[in-house]
Amino acid sequence: PAPTSNLHPPPSHADTAGDRVLQSAKKAGRVTIYSFNFTGEMGIMLQKAFEQRYGIELEIVTGRGAEFIERLKTEKRVGQLTADTTEGSAIHVKNMKLEGITAGVAGELPALREKDKWVIDLLSLDPQDKHLIIHFISTYAPHINTRLVKAGEEPRVWRDLLDPKWKGKMTITDHNIGGGPYLLFPPLIREKILDESFIKALYKQDLRFATSVVDETAQLARGEQYLMIRGADSISARFVVEGAPIRAAEMQDGTTLSPGTAAAIAGAPHPNAAKVFLNWIVSQEGQTVHGEGKKMGSVRADVKDFRPAPIAFVPKRPVIMTVEDNDDGTRLFRERWINKLIGQ
């Protein structure tokens, strides 16, 4: 099939072993991914581009990471694995690894042998075993409704959110459900940008709680709130493209970056097709299709930033969330902050 674009093809599997991988993948003719992020129109774009490039059918099964863990454990137990690869949050993919579900194949991917192409080390979350591969980055920052917050009045550092003028005007994902607080704050506390006193004071600001970041972003877009504390460019982008009056307020003292990860499934029915897909999704072509479809930036320096201008910025002080940060955030919010600091 003809290439999907005029971009250079993904790094070839030119060595003998690599060529066998590609030929085996084409012979299998199919690869299945369990995915949290490859949804909607962007998922269709990825599917078409990959299939046109290789002639290999790509099936994307969407759902939540925790559900996929249980599903894969069951499939493994009965010996009927369906998925060849998976992608989602670092914590869920790490938990799959701990359950013996994933395989370390990153060392075999030609794309990862490219030099000077990356804005982040794609193996930094799992450098020894090479199971977890970073394939996108979400930038977290407060997002404001520009019709309600005048230019120059937005917060500039995190402690600005403690100003009485913001009381009752901010949303955050409900910490009893999960998500936002667990992801946003632990890296900033690790780097001593924030501390527990900030968390306690913030939750006295009469916060409004949302059941998900998507619902929260929709509320902001409709003008029901002035500011959402953990805006995510990966979510807000589609609202901004459709005309929502949303803009990111970069915190000068630190910005949390959350990596999305992918991995191959151990014992998958089409292991070589999984390698071809993982190689493609971090190639220039794969990243371009993903970025254009999701309106996101890239882990590659040679791919344009597709984020709309109001939410696109290069953080002055980036802080990359680790798997340990996620673990710490869950533990601290549930065991310490909620009951002892927040009192909820």
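Going by the structure above, here's the rest.
My aim in this report is to walk through the structure given alongside it, one point at a time. Numbering of residues starts from 1 in every chain and runs along the sequence as written. For a predicted model such as this one, the threshold for reporting local features is a pLDDT of at least 70, and the threshold for listing and counting side-chain atom pairs is 80 or more; totals across whole chains, interfaces and linings nevertheless cover every residue. Side-chain figures throughout are based on the complete set of non-hydrogen atoms in the structure, without hydrogens or water.

## Re the environment of Phe-38
Turning to step 1, where the next piece is worked out: Labels follow the DSSP assignment, with helices taken as runs of H or I lasting at least four residues and strands as runs of E lasting at least two, numbered in each case from the N terminus. Structurally, Phe-38 is set in the loop between β1 (30–35) and α2 (40–54).
Turning to step 2, where the next piece is worked out: Among the residues examined, Phe-38 registers a relative accessible area of 3% and is labelled buried.
Turning to step 3, where the next piece is worked out: Considering only alpha carbons, one finds Phe-38 and Gly-293, 255 residues apart in sequence, at a separation of 9.5 Å. Throughout this description, buried means an accessible area under 20% of the type-specific maximum (1.4 Å probe, protein chains only), exposed means over 50%, and partly exposed covers the range between.

## As for helix α4 (residues 90–98)
For the α-helix, the turn length of 3.6 residues means that residues three or four positions removed from each other point alike.
Turning to step 1, where the next piece is worked out: Those residues of α4 lying buried are Ala-90, Ile-91, Val-93 and Met-96.
Turning to step 2, where the next piece is worked out: Of the residues trailing α4, Gly-100 is marked for its positive phi of about 75 degrees.

## Re the nonpolar core
Turning to step 1, where the next piece is worked out: Throughout, nonpolar core names a set of buried Ala, Val, Leu, Ile, Met, Phe, Trp, Tyr and Cys residues whose side chains join them through atoms within 4.5 Å. Counting 43 residues, the largest nonpolar core has Phe-50, Leu-122, Ile-133, Val-276, Phe-277 and Trp-280 as its most contacted members.
Turning to step 2, where the next piece is worked out: Secondary-structure elements contributing two or more residues to this core are α1 (16–28), β1, α2, α4, β5 (133–145), β10 (255–265) and α9 (271–281).
Turning to step 3, where the next piece is worked out: Looking at which element gives the most residues to this core, the answer is α9, with six residues.
Turning to step 4, where the next piece is worked out: Whether two residues are in contact is decided by their heavy atoms: any pair within 4.5 Å suffices. Contacts of Phe-50, omitting those with residues within four sequence positions, involve Val-31, Gly-55, Ile-56, Leu-58, Val-276, Phe-277 and Trp-280.
Turning to step 5, where the next piece is worked out: Core analysis: the next-biggest nonpolar cluster, separate from the first, contains 41 residues, Trp-158, Trp-166, Ala-218 and Ile-246 among them.

## Observations concerning the side chain of Ser-283
Turning to step 1, where the next piece is worked out: Position of Ser-283 relative to the elements: it lies in the loop between α9 and α10 (284–294).
Turning to step 2, where the next piece is worked out: Only 2.6 Å separates the side chain of Ser-283 from the backbone oxygen of Trp-280, close enough to count as a polar contact. N or O atoms within 3.5 Å of each other form a polar contact, as long as, within protein, one can give a hydrogen and the other can take it, and as long as residues adjacent in sequence are counted only when both atoms are side-chain atoms.

## With respect to the environment of Gly-267
Turning to step 1, where the next piece is worked out: With respect to the helices and strands, Gly-267 occurs in the loop between β10 and α9.
Turning to step 2, where the next piece is worked out: Between the alpha carbons of Gly-267 and Thr-102 there is a distance of 8.5 Å; along the sequence they are 165 residues apart.

## Things to note about the pairing of strand β3 (residues 85–89)
Turning to step 1, where the next piece is worked out: Buried residues dominate β3, accounting for four of its five residues.
Turning to step 2, where the next piece is worked out: When DSSP finds two or more bridges between two strands, those strands count as paired. Pairing geometry for β1 and β3, over three bridges, is parallel. Residue pairing in the sheet places Ser-35 in a bridge with Glu-87 of β3.
Turning to step 3, where the next piece is worked out: Pairing of β3 with β10, which is carried by five bridges, proceeds in the antiparallel orientation. Of the residues in β10, the one forming a bridge with Glu-87 is Ala-262.

## Quick look at the environment of Gln-284
Turning to step 1, where the next piece is worked out: Within the fold, Gln-284 resides in helix α10.
Turning to step 2, where the next piece is worked out: Along the primary structure Gln-284 and Arg-300 are separated by 16 residues, whereas in three dimensions their C-alpha atoms are 7.3 Å apart.
Turning to step 3, where the next piece is worked out: Within the local environment of Gln-284, its side chain forms a polar contact with the backbone oxygen of Asp-302, the two atoms lying 3.2 Å apart.

## Examining the packing of aromatic side chains
Turning to step 1, where the next piece is worked out: Two rings from Phe, Tyr or Trp (for Trp, the six-membered ring) form a pair when their centres sit within 6.5 Å of each other. Planes less than 30 degrees apart are called stacked, planes more than 60 degrees apart edge-to-face, and all others tilted. With the rule as written, the count across this model stands at nine aromatic pairs.
Turning to step 2, where the next piece is worked out: Aromatic pair Phe-50 and Trp-280: ring centres 5.5 Å apart, planes at 65 degrees, arrangement edge-to-face. Residue Phe-50 is located in helix α2, and its partner Trp-280 is located in helix α9; the two are separated by 230 residues in the primary sequence.
Turning to step 3, where the next piece is worked out: Accessibility expressed as a relative area gives 0% for Phe-50, which makes it buried.
Turning to step 4, where the next piece is worked out: Centre to centre, the rings of Tyr-203 and Phe-209 are 6.2 Å apart; their planes meet at 25 degrees, and the pair counts as stacked.
Turning to step 5, where the next piece is worked out: Residue class for Phe-209 comes out partly exposed when judged on its relative accessible area of 35%.
Turning to step 6, where the next piece is worked out: What links up through ring pairs into an aromatic cluster is the set Phe-38, Phe-50, Tyr-54, Phe-277 and Trp-280.
Turning to step 7, where the next piece is worked out: By definition, being over a ring means that NZ of Lys or CZ of Arg is both within 6 Å of the ring centre and within 35 degrees of the ring normal. In this arrangement the basic side chain of Arg-230 is found over the ring face of Tyr-140, its NZ or CZ atom lying 4.3 Å from the centre.
Turning to step 8, where the next piece is worked out: Looking at Arg-300, its charged tip hangs above the ring of Trp-118, at a distance of 4.7 Å from the centre.

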